[in-house]
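Residue-level structure breakdown
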Amino acid sequence: MIQHIACIMDGNRRWAKKNGLSLKEGVLEGLARVSTAVDFCLQHEIPYVSLYAFSIENLQRSAIERAVIFDTLIEFGEKYAEQMAKKGVRVHIIGDRSMFPPEVGNICDTIETITADCNRLSLQFLFCYGARQEIVAAAKKISQEVQLGHISLDSLTTDSFKKYTWMGDLPDPDLVIRTGYANRLSNFLLYQAAYSELYFPPCLWPDMTTEQF
C-alpha cells in the first residue's frame, strides 16, 4: 500500500505564459492542483504527501517573480490553511527558514498552527528546500552531536541519519511525480527517494488531473 507520494510541481510559469495569463494566475492555478493532490490522497487513504513548492535555487530568479510567489503565499496562506484544516490535513513547511523573508516565515508559522491538530493527512510543503543542503545540514547536526558526546559514529545508520534531515523520520516516498517535461529530480529528496518509483507525466503542473496521480 502506498504511504507517501511526493511531487515536483514544475510548470506554473510556463503554463501561465502558454495561456496568456499572469504569473500570479499561474501560481494560483498551481495551488488549485495542490488541492487535487490532497483530495486524491484523502480519497485513497494515503497518509503523506510532499510537494516541492520553491527550491533554494529558485531564489536566484528575478525579484519580481520571487515577490509574486511570496506575496501569493502571504495573501492566501491563512485561507488555504483553514481549508486544509476542514479536511483534516496537517501542513508542515520544510526548508531552510533562515532564507524566508520575515513575512513569509510568519505566515508559515500561522499555517502550521492552524492545522496542528489535524491527522487525516500530513502535507509537507518544501519551501526554500534543497536536498543537497538538507544532507549537509544533517551532517553538521550529527557532527555537533558527536562532538558533544551525545552519539557515537559507530551508532550511525542510514535510518538514524534520516532523523537529522529536515524531513525527519517521515516514511520515504513510494512514488515521486515530476511534471514539466523534465525527467530529473532537481535536488529533491535525494536521500529519501533512493528507492522511490519515478513518474514523469507529460504535462505542466497546472494541467495535472486526478487520473494522472
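Residues numbered from 1 in each chain as written. Predicted model: local features only at pLDDT ≥ 70, side-chain atom pairs only at ≥ 80, totals over all residues. Heavy atoms only, no water.

This paragraph deals with the overall build of the chain. Helix and strand counts for the chain come out as six helices and six strands. Counted from the first residue to the last, the chain has its helices and strands arranged as β-α-α-β-α-β-α-β-α-α-β-β. The C-alpha atoms of the chain give 17 Å as radius of gyration, which agrees with the globular expectation for 213 residues (17 Å, within 12%). Its C-alpha atoms give the chain principal-axis dimensions of roughly 60 × 40 × 35 Å. For the chain, the residues scored as buried account for 46% of the 213 residues in total. (Helix = DSSP H or I, 4+ residues; strand = E, 2+ residues; numbered from the N terminus. Rg over C-alpha atoms; globule rule 2.2 N^0.38 Å. Buried < 20%, exposed > 50% of the residue type's maximum accessible area, 1.4 Å probe, protein only.)

Time to look at the environment of E197. Tracing the backbone through its elements, the reader meets E197 in strand β6 (residues 197-199). With a relative accessible area of 56%, E197 lands in the exposed category. Those residues in contact with E197 that lie beyond four places of it in its chain are D174, L175 and V176. (Contact = heavy atoms within 4.5 Å.)

Time to look at the packing of aromatic side chains. With the rule as written, the count across this model stands at 11 aromatic pairs. On the basis of an interplanar angle of 85° and a centroid distance of 5.7 Å, the ring pair of Y52 and Y129 is categorised as edge-to-face. Of this pair, Y52 sits in strand β2 (residues 48-55) while Y129 sits in strand β4 (residues 121-129), placing them 77 residues apart in sequence. Per residue, the accessibility class of Y52 equals that of Y129, and both read buried. Look at Y129 and F188: their rings are 6.5 Å apart centre to centre, the planes differ by 75°, and that puts the pair in the edge-to-face class. Of this pair, Y129 sits in strand β4 while F188 is found in the loop between β5 (175-178) and β6, placing the two residues 59 residues apart along the sequence. (Phe/Tyr/Trp six-rings, centres within 6.5 Å; stacked < 30°, edge-to-face > 60°.)

It is worth stressing that arrangement in space is one thing and function is another; only the former is reported here.
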